[in-house]
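Coordinate analysis (summary)
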Amino acid sequence: MTTTETKQTPQRGSVAPTPFRALSVAMFKGIVREKATLFFTFLFPLMFLVIFGLLLGGQGDSRLTVAVVGEGPVITALDESGVLELETVGTVAEAEAQVRGGDLPAYVTQDGDTVRVRFAASEQNTAQMVLGIVDGVVNHANVAATGQPPAFSLDAQQVEDASLEPIQYMTPGILSWAVAMGAVFGAAITLVNWRRNQVLRRLRLAPVRASTVLTSRLLVTLGVSATQFVLFVCVGLLPVFGLKLTGQWWLALPLLMLGTLSFFAVGMLAGAWCRTEETASTVGNLITLPMAFLSGAFFPLDAAPAWLQQVSLALPMRHLNDGMLAVMVRGQGVEALLVPALVLIGFTVVMGALAAKLFRWEP
């Protein structure tokens, strides 16, 4: 009796997967199969974009509404100016009750040559706007009453397209926050999970270099960021939101990749320091959420104290947000990305060096 030995030989034309490719595919499948990761990476930040877009999208008429009592040349001029929305009220007492109750910020009445403006102390900022508008109309009426032509004229107009919607300014900020969450949480939690489950130890013993593990995870993170970019832009372009891409808007994508590198380095640093997934998740929230508020991702920083605006310049999300806003909304070119790109690269180098110093294979 003879025995034959069968040997398994690779099929002709087949290529064995490289460690880099195998790790990348495994990490991608891990993200796809984890429903919670998909939710917090894509749907959760997209919900903010949709909610803010729906809430602010209907604010086509942003004029302040004030009450007026009686008639007069100044009140007529206010109405013709179209700057304020005037709501006629029968009596001064009724108008004052509405202002005191917070229904309206102020009311205006004219008694002969005297124009009275009464406002609520709780609405100081709005009241100052109303006072400035009324004062301008009164001054114009005084000049007209003298019969002399005004010495100066004012020509005011916004520099952006008048059709711009709030979604123009929200999309870059919320997208920056979404990318930060995906990169920080993905890197930190994956690193902690692999260390606790001895995956890193097995990879260390296998003929796989650490750089292969790192680059494969980074490739998946960059792919997720690119997908977020496409998803956010496609949703913003829907007619209900009205996003309009201006200038060289596509330049936002390479800047977004640099931002992803920065946040990935932050996530690696958090993962190198934390010992459990719960701690990594907490640290990720402590990093990304305050950074979003301090970087103007949700609300503009124009009204923030000067010192806080200076502090925000040290945050990568601030520069990522400003850079994408410049090319996606303001129509600027590649020159607007020079400073944000340099800051993001420098931040990546510093955070990456710290992460490499704290990195450990064993729990």
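Up top is the structure.
This is a predicted model, so every value here is computed, not measured.

1. Focus on the overall build of the protein chain
- Of regular secondary structure, the protein chain possesses 13 helices and four strands.
- In the protein chain, 72% of the contacts between residues at least 6 apart in sequence involve partners at least 24 apart.
- Only carbon and sulfur atoms are counted for the fraction: they give 62% of the accessible area of the protein chain, which is about 21,000 Å².

2. Quick notes on unusual backbone geometry
- Of note in the backbone geometry, Gln198 takes a positive phi value of approximately 65° without being a glycine.
- In this structure, Gln198 sits in the loop between helix 6 (167-196) and helix 7 (199-205).

3. A short note on the side chain of Arg318
- Mapped onto the fold, Arg318 is located in helix 12 (residues 316-328).
- Polar side-chain contacts of Arg318 include one of 2.4 Å to the side chain of Ser312.
- Separated by 2.7 Å, the side chains of Arg318 and Asp322 make a polar contact.
- Every residue in contact with Arg318, bar those within four places of it in the chain, is listed here: Ser295, Leu301, Gln309, Ser312 and Leu313.

4. Here's the deal with helix 12
- Its 13 residues place the ends of helix 12 18 Å apart at the C-alpha level, agreeing with the 18 Å of an ideal helix rising 1.5 Å per residue.
- With twelve of 13 residues buried, helix 12 is to be regarded as a mostly interior element.
- All of the buried residues in helix 12 are Pro316, Met317, Arg318, His319, Leu320, Asn321, Gly323, Met324, Leu325, Ala326, Val327 and Met328.

5. Details of the pairing of strand 3 (residues 106-111)
- Within strand 3, five of the six residues are buried, which leaves it mostly tucked inside the rest of the structure.
- Across three bridges, strand 1 (residues 64-69) lies against strand 3 in parallel orientation. Paired with Val69 across the strands is Thr109, a residue of strand 3.
- One ladder, built from six bridges, connects strand 3 with strand 4 (residues 114-119); its direction is antiparallel. From the neighbouring strand, Ala106 faces strand 4, where its bridge partner is Phe119.
- Once strand 3 ends, the chain turns through two residues before running back antiparallel as strand 4, passing Gly112 with a positive phi of about 70°.

6. Here's the deal with the environment of Gly323
- Tracing the sequence through the fold places Gly323 in helix 12.
- Residue Gly323 is classed as buried on the basis of its relative accessible area, which comes to 0%.
- A C-alpha to C-alpha distance of 8.7 Å links Gly323 and Leu338, two positions 15 residues apart in sequence.
- Once residues within four sequence positions are removed from consideration, Gly323 is found in contact with Leu255, Leu337 and Pro340.

7. Looking at the nonpolar core
- Of all hydrophobic cores here, the largest spans 56 residues; its most connected members are Phe263, Met317, Met324 and Met328.
- Those elements giving two or more residues to this core turn out to be helix 2 (35-57), helix 6, helix 7, helix 8 (210-236), helix 9 (252-273), helix 10 (277-294), helix 12 and helix 13 (338-358).
- Here the element with the most residues in this core is helix 6; it accounts for 15 residues.
- Residue contacts for Met328: discarding those within four places in its chain leaves Gln168, Thr171, Pro172, Phe229, Val233, Lys244, Leu245, Thr246, Trp249 and Ala252.

Calculation criteria
- Sequence positions are assigned chain by chain, starting from 1 and proceeding in written order.
- At least 70 in pLDDT is required for a residue's local features to be given in this predicted model, at least 80 for side-chain atom pairs to be given and counted, and no such filter applies to totals for whole chains, interfaces and linings, which use all residues.
- Side-chain measures here rest on the full set of heavy atoms in the structure, leaving out hydrogens and waters.
- The numbering of helices and of strands both runs from the N terminus, where a helix is a DSSP run of H or I of at least 4 residues and a strand a run of E of at least 2.
- Note on definitions: a residue-residue contact is assigned when non-hydrogen atoms from the two residues lie within 4.5 Å.
- Note that accessible areas follow from Shrake-Rupley with a 1.4 Å probe, and for residues the cover is restricted to the protein chains shown.
- Any pair of N or O atoms that falls within 3.5 Å is considered a polar contact. Within protein, one atom must be able to donate a hydrogen and the other to accept it, and sequence-neighbouring residues count only if both atoms are side-chain atoms.
- Working rule for helices: expected span equals 1.5 Å times residues minus one.
- Working definition: with a 1.4 Å probe on protein chains only, accessible area under 20% of the residue-type maximum means buried, over 50% means exposed, and in between means partly exposed.
- Strands were regarded as paired on the criterion that DSSP finds at least two bridges between them.
- The criterion is simple. A nonpolar core is a set of buried Ala, Val, Leu, Ile, Met, Phe, Trp, Tyr and Cys residues joined through side-chain atoms within 4.5 Å.

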